[in-house]
Amino acid sequence: MITTFEEYKKEYQKSIENPEAFWDEIAGQFSWKQKWTKTLDWNFDEPNVKWFVDGKFNITENAIDRHLLGRANQTAFIWESNAIDVDNRVITYQNLHDEVCRVANTLKSFGVKKGDRVCIYMPMIPETVFSMLACARIGAVHSVVFAGFSSSALAGRIQDCDCKIVLTTDGAYRGVKDIPIKAVVDEALETCLGVEKVLVYKHTGTPVFINKERDIIWQEVVPNALSTCTPEVMDSEDVLFILYTSGSTGKPKGVVHTCGGYMVYTCYSFQNVFQMNTEQNSNDLFWCTADVGWITGHSYITYAPLLAGVSSVIFEGVPTFPDAGRFWKVIDKYKVTHFYTAPTAIRALEAQGLDFVTPYKLDSLKVLGSVGEPINEEAWQWYHKNIGKEKCPIVDTWWQTETGGIMISALAGVTPTKPSYATMPLPGIQPMLVDEKGNEIIGNDVEGNLCIKFPWPSMIRTTYGDHARCKQAYFETYPGLYFTGDGCRRDENGFYRITGRVDDVMNVSGHRIGTAEVESAINAHIDVVESAVVGYPHDIKGQGIYAYVIVPSTTKNHDILKKEIIAEVNKIIGPIAKPDKIQIVSGLPKTRSGKIMRRILRKIAEGDVNNLGDISTLLDPTVVDEIVKGKL
Ligand code: WT7
């Protein structure tokens, strides 16, 4: 682990001068069945990236079995339920081993084999993590779908990677809500005929429909399964999981991560960024508040903390239930030392006032983290002052579903921090700023599009079933470089600040949503002729969703229509993609070739109507006036 700024600089230098030697040494700290024959094989044209070529191992052996010698009785997870002080559970590394093996054996009994895809549609309970690890244990590929997605979004993801098995629960608690998860699965499966078995964990007790041929109750089979299961021997480049994420065009893409590089990089980044004490008797306790339906949960709830052998909290609920003090209450209750959350949560809690913070001591905290979207300076200061009591370094961690692990971040207490800056790249990460034409922007105090010029172990390998799409989305804009889709500033000291997406992807409450996806959901409403969606600045969510919608003049009452459009989006994607504002318009600003000028719509949504730029190239410039007048 890097412990001083000097050491960071030395390691960084080494990682650039001789990446293979650098990663060889780090990968050597894991347990392998067979050592790799070549550290790295790559080109960014196809693209083709292979790390630790021919290495054989199993990630769960490294995340679980390896620790059983000294840490069998150490806590792997503390589970905090949605309701206060109900059913909270402690899962030791030994318990984790046994449960993962039971689920693994159950999956095997269903005929699941290495390479088969398994969909996991579950809330934040320990069984969800067991399920992911059980897949990894037997070499099955998990595809976790965030349990807030609608049945049609779920169906699309199940079909895209052809899952044979779905793991789910009867229901899910979220604050005051009790969500019927199984019913969503039932509806999705009407269009997913390839699914053979559904394993249902009874969590809320909500009555569920049971299809006798297909559905099996977890509690009736898993407890009877053997608590040992020989891990499948995996190749470094075998697929570990698929996770769907939104892009600027089309349907969500299945980002593919492979076993070796993902294991090495997520663990390395976790240890160095958070600087936890990983000794056996350490009292350090990690809490990442993300959902395992997103990459943050995959990397920093399920995999990295276990690979590093630490203890962490899994939280089922939401930050505002039963009140806005919940996070702080949980931190005091378990003495959380390392806390990792999203700016949107910080802003939402800040807005509720300090009365929800002051009852709590928060004196166990040592390190605070931020992830998912740019953290504005005000939220950073509030977090630093009121939660960290000005003694906890804040690590603002920039990364993406595609990067697998944290790419640019301070190392807690080791490298400098600066509000609203992710600061410096981790060793092994080679960022580069380019202009629109792809020319490198050199020097400091500059701004450009953020690319990465050299492979790192946990990078995306392909988009499932469509390698051309992976090339097109990430490696074609600037040939020879991985393009992140983010704009970025490098300050006079060489610190990086992510300024936000430069493509048609929105970041709403830290969730990534494509404008094209929302438009296609809105267009599914029978009365909608056409729509255009843009993001606009939102105090709490970071970005809100602004939809411009054309409907025939004869249609019904606009208020009813807007409600129906929202319902349509809920049905096709899920509540996270719900437009915050819908403006009914008679036309959209288009170029003569028929392209919607989003730049103009974005400016209007932002309220920057005096700076619309040149609109003379529009097919019909008068629509702009109308839209400006009707702005919400
Ligand atoms: C996009 C990736 C990485 C885990 C969660 C999101 C934005 C992420 C930061 C940060 C500024 C950030 C970027 C990125 N983003 N972290 N610390 N500062 N922006 O993963 O859903 O794949 O979204 O989130 O725009 O491209 P994701």
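For the structure, check the block above.
Summary of the structure given here.

## Let's talk about the packing of helix α7 (residues 151-160) against helix α8 (residues 181-189)
Axis separation between α7 and α8 bottoms out at 8 Å; the angle between their running directions is 55 degrees. Compared by their axis directions, α7 and α8 come out oblique. Viewed along their axes, α7 and α8 form a crossing whose handedness is right-handed. Along its contact with α7, which presents S151, L154, A155 and I158, the element α8 presents V184, V185, E187, A188 and L189. In terms of residue class, the contact of α7 with α8 is built from seven nonpolar, one polar and one charged.

## Focus: the pattern of salt bridges
Evaluation of the coordinates by the stated rule reveals 34 salt bridges. Residue E25 is joined to K14 by a salt bridge in which the shortest nitrogen-to-oxygen separation is 3.4 Å. Taken as a pair, E25 in helix α2 (residues 19-27) and K14 in helix α1 (residues 5-17) lie far apart in primary sequence, 11 residues in all. You can call K14 partly exposed: its relative accessible area is 31%.

## Comments concerning the packing of helix α18 (residues 598-606) against helix α19 (residues 622-629)
The interhelical angle for the contact between α18 and α19, taken along N-to-C directions, is 25 degrees, at an axis separation of 10 Å. On the basis of the axis angle, α18 is roughly parallel to α19. Considering only the axes of α18 and α19, their crossing is right-handed. From α18, I600, L601 and I604 reach across to α19, where they touch V624, I627 and V628. Per-class residue counts for the contact of α18 with α19 are six nonpolar, no polar and no charged.

## Comments concerning the site of the ligand
D396, T397, T401, D486 and R512 are the nearest of the 17 residues found near the ligand. For the ligand, whose free accessible area comes to 550 Å², the fraction covered by protein is 95%. When residues of the shell around the ligand are traced back to their parent elements, those giving at least two are α11 (295-308), β20 (394-397) and β25 (496-501). Looking at side-chain class alone, the shell around the ligand contains six nonpolar, six polar and five charged residues.

## Side note on the sheet that holds β20
The seven strands lie next to each other as β5-β4-β17-β16-β18-β19-β20, forming an open sheet whose pairing is mixed. Strands at the two margins of the open sheet, each flanked by one partner only, are β5 (89-92) and β20. Adjacent strand axes in the sheet meet at a mean angle of 20 degrees, parallel and antiparallel pairs treated alike. Both strand β16 (residues 285-288) and strand β17 (residues 311-315) contribute to a ladder of three bridges, which runs parallel. Counted as the bridge partner of L285 is S311 from β17.

## A few points about the packing of aromatic side chains
As enumerated under the stated definition, the model contains 45 aromatic pairs in all. Geometrically, the ring pair formed by W32 and F52 is tilted, given 5.9 Å between the ring centres and 55 degrees between the ring planes. You can see W32 sitting in the loop between α2 and β1 (38-43) and its partner F52 sitting in strand β2 (residues 48-53), a full 20 residues away along the chain. With centroids separated by 6.3 Å and ring planes inclined at 40 degrees, the aromatic side chains of F286 and Y340 adopt a geometry described as tilted. Of this pair, F286 sits in strand β16 while Y340 sits in strand β18 (residues 338-341); the two residues are 54 residues apart in sequence, bridging distant segments of the chain. Exposure remark for Y340: the relative accessible area of 1% places this residue in the buried category. These aromatic residues form a ring-pair network of at least three members: F22, W23, W32, W36, W51, F52, F57, Y265 and Y268. In this arrangement the basic side chain of K35 is found over the ring face of W36, its NZ or CZ atom lying 4.8 Å from the centre. The positively charged end of R89 is found above the aromatic ring belonging to W79, 5.9 Å away from the centroid.

## Points about the pairing of strand β30 (residues 581-585)
Counting buried positions over the five residues of β30 gives four, a clear majority of the element. Pairing geometry for strand β29 (residues 542-550) and β30, over five bridges, is parallel. Paired with Y546 across the strands is K581, a residue of β30. What joins β29 to β30 is helix α17 (residues 558-572), and the crossover it makes is right-handed.

What counts and what doesn't
- Numbering of residues begins from 1 in every chain and follows the order in which that chain's sequence is written.
- Thresholds applied to this predicted model are a pLDDT of at least 70 for local features of residues and 80 or more for the giving and counting of side-chain atom pairs; totals over whole chains, interfaces and linings are not thresholded and use all residues.
- By convention in this description, side-chain values take in all heavy atoms of the structure and omit both hydrogens and water.
- Lines fitted to C-alpha atoms define the axes, with helix axes restricted to the stretch in contact, and inter-axis angles between N-to-C directions lie between 0 and 180 degrees.
- Helix numbering and strand numbering both begin at the N terminus, where a helix is a DSSP run of H or I of at least 4 residues and a strand a DSSP run of E of at least 2.
- For classification purposes, an angle smaller than 35 degrees is called roughly parallel, one larger than 145 roughly antiparallel, one from 65 to 115 roughly perpendicular, and anything else oblique.
- Each crossing gets its handedness from the near helix: less than a right angle anticlockwise from the far helix is left-handed, clockwise is right-handed.
- Residue contacts follow a heavy-atom distance rule, with two residues in contact if any of their heavy atoms lie within 4.5 Å.
- Residue type decides the class: Asp, Glu, Lys and Arg count as charged, Ala, Val, Leu, Ile, Met, Phe, Trp, Tyr, Cys and Pro as nonpolar, and the leftover types, Gly among them, as polar.
- Salt bridges are counted wherever a side-chain nitrogen of Lys or Arg sits within 4 Å of a carboxyl oxygen of Asp or Glu.
- Residue exposure (1.4 Å probe, protein chains only): buried if accessible area is under 20% of the type maximum, exposed if over 50%, otherwise partly exposed.
- Being near a molecule or strand, for a residue, means having at least one of its heavy atoms within 4 Å of it.
- Only the protein chains shown count as covering a residue, and every accessible area follows the Shrake-Rupley method with a 1.4 Å probe.
- A strand pair is defined by DSSP finding two or more bridges across the two strands.
- Note on ring pairs: Phe, Tyr and Trp rings are taken, using the six-membered ring of Trp, and paired if centres are within 6.5 Å. Classes follow the plane angle, with under 30 degrees stacked, over 60 edge-to-face and the rest tilted.
- Whether a charge sits over a ring comes down to the Lys NZ or Arg CZ being within 6 Å of the ring centre and within 35 degrees of the ring normal.
- Seen with the strands pointing away from the viewer, any crossover whose path from the first strand over the helix to the second strand runs clockwise is right-handed.

What is shown is where atoms sit, not what they do.
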